[in-house]
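# Close look at the chain arrangement
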Amino acid sequence: MTIADRWLLPDGMEELLPPRAYTLEALRRKLLDLLAAWGYDLVIPPSAEYLESLLTGVGKDLDLQTFKVTDQSSGRLMGVSADVTPQVARIDAHSLSCEGEGIARLCYCHPVLRTRADNPLSSRSPIQLGAELFGHAGLPSDLEILSLMLATLEAAELDQIHLDLGHVNIYRTLINQAQIDEQEAEAIFAALQDKRFADLDTLLQAYVECAQVRAHLTALAHLHGDMRVLEQAKRDLQGAPESVQAALVQLEQIAHWIQASYPQVTLYFDLAELRGFNYHTGIMFAAYVPQWGQAIAKGGRYDETGKVFGRARPATGFSVDLKLLVALQELQHPQTHQRKHLGVLAPVQAYTDAQLMHKIRALRAQGERVWVDLAGEGTKAHPACDRQWVQNAQGEWVISPL
Ligand SMILES: N[C@@H](Cc1c[nH]c[nH+]1)C(=O)O
């Protein structure tokens, strides 16, 4: 190992340097204040838990994403959290069960670790911030979470938001009707997600007997696009079970509301896509910006997760990766971003001249940054300063722009 190699960080385990680290911290505070203003109470789950509490009932994807370690004090296997949502569901179902059956609104901001990045560009150590709402099963809670997700992205100064909507029950109902085994279903699912139409056709012909189910699953692969997709789906999926029709109605209601309340948001539907971890049970959504090919915020309904902890509660929520939001903020608004870190340079007399120190203190109290030029290096050595203190002819300390 060379000296250079010693400092290599594993892929996707990045460190945050100035000024981005502070930008992230400032955004964290701003977003947690926003969530608090919407009535969400902060919880801080542990970084690692026993595997049974972390992974029971959340599906294979999350299991694969979880780093596992042996707990030296109990000999049991622990997992490092890869997604805070199931931990918060456990907190609601177990630790807060004494609070009754009412609605619980919880939020969090916590680093997680993932064994594999979702794609070559994404982090394996995101800082996950999100909100989860428990105890309400209807449309209003989905709308509240969607609005909160959009408000979060707005507070993060991200614009040109595209919102993808989908519903787990459409695909699940159709695949259950197909009466095939798990492996066959997985192959069909993969072909559907990747939109490999020819493969999908071959698989459906080979595994699915019922012609109507085959036709519905084939149609599903093409049901993506703008609002017109919902009309198309009603025609193409005619004769499908009631839960499919109900899912389409829900999507329509949500879409109308988003169009009316957030006209600047572009809506997109993909009725076959089931992105994210497979604990979701209903409506699912993801937000995108043009600069990034992956979702920047994800969420949806997951009504079953609390059941394994003895309290099945309806639940819906969303999460974002703060590191990603900050990187995108810099991309979308490079100038604003730089301005936030600017400040004033004061000469080293600050530590001998009480009058100057008094002025510095007053400025810092207003939230301005002030550097004292300890070694007399001047403004060139302090690239973030855009003003400096100088003494005028009367010997007063005044701020002069650079
Ligand atoms: N935690 C999920 C998103 C989510 C939050 N709540 C419900 N779903 C994810 O990161 O994909």
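So, here is what we can say about the structure in this document. If you're wondering where the values come from, they're calculated on a predicted model, not measured in any experiment.

### Re the pattern of salt bridges
Scanning the entire structure with this criterion turns up 24 salt bridges. Here Lys195 ties to Asp270 by a salt bridge, and the two come within 3.1 Å at their closest N and O atoms. Here the residue Lys195 occupies a position in the loop between α8 (182–193) and α9 (197–207), and Asp270 occupies one in strand β9 (residues 266–270), the gap between them amounting to 75 residues. Asp270 gets classed as buried once you look at its relative accessible area, which sits at 3%.

### Here's the deal with the nonpolar core
Among the nonpolar cores identified, the biggest contains 83 residues, and Leu163, Leu165, Ile170, Leu220, Leu271 and Ile296 are the most heavily contacted of them. Among the elements that line this core, the one with the most residues is helix α6 (residues 139–155), at 9 residues. Setting aside residues no more than four positions away along its own chain, Leu163 makes contact with Leu146, Met149, Ile258, Val265, Thr266, Leu267, Tyr268, Phe285, Ala286 and Ala287. Leu54, Phe134, Tyr302 and Ala315 belong to the second largest nonpolar core, which has 19 residues in total.

### Thoughts on the packing of aromatic side chains
A full pass over the atoms with the stated rule returns 4 aromatic pairs. Their ring planes at 85° and their centres at 6.3 Å tell us that Phe134 and Tyr302 sit as a pair that is edge-to-face. Here Phe134 is found in strand β6 (residues 127–134), whereas its partner Tyr302 is found in the loop between β11 (297–301) and β12 (315–321), with 168 residues between them in sequence. Overall, the relative accessible area of 2% leaves Phe134 in the buried class. When its relative accessible area of 2% is taken as the criterion, Tyr302 is described as buried. Here the aromatic rings of Tyr279 and Tyr302 are separated by 5.6 Å at their centres, their planes lie at 65°, and the arrangement is edge-to-face.

Cut-offs used in this document
Counting restarts for each chain, with residues numbered from 1 along the sequence as it is written. With pLDDT at 70 or above as the cut-off, local features in this predicted model cover only qualifying residues; side-chain atom pairs require 80 or more to be listed or tallied, and sums for whole chains, interfaces and linings still use all residues. As a rule here, side-chain values come from all non-hydrogen atoms in the structure, and water together with hydrogens is ignored. Salt bridges are identified by distance alone: a Lys or Arg side-chain nitrogen within 4 Å of an Asp or Glu carboxyl oxygen. The helix and strand labels rest on DSSP assignments: H or I over at least four residues marks a helix, E over at least two residues marks a strand, and numbering proceeds from the N terminus. A simple rule labels every residue: compare its accessible area, found with a 1.4 Å probe on the protein chains alone, to the largest value its type can have, and call it buried under 20%, exposed over 50%, or partly exposed in between. Nonpolar core, defined: a set of buried Ala, Val, Leu, Ile, Met, Phe, Trp, Tyr and Cys residues in which side-chain atoms within 4.5 Å join the residues together. When checking whether two residues touch, look at their non-hydrogen atoms; a contact exists if any pair is within 4.5 Å. Here the aromatic set is Phe, Tyr and Trp, taking the six-membered ring for Trp, and pairing holds for ring centres within 6.5 Å; pairs whose planes are under 30 degrees apart are stacked, those over 60 apart are edge-to-face, and all others are tilted.

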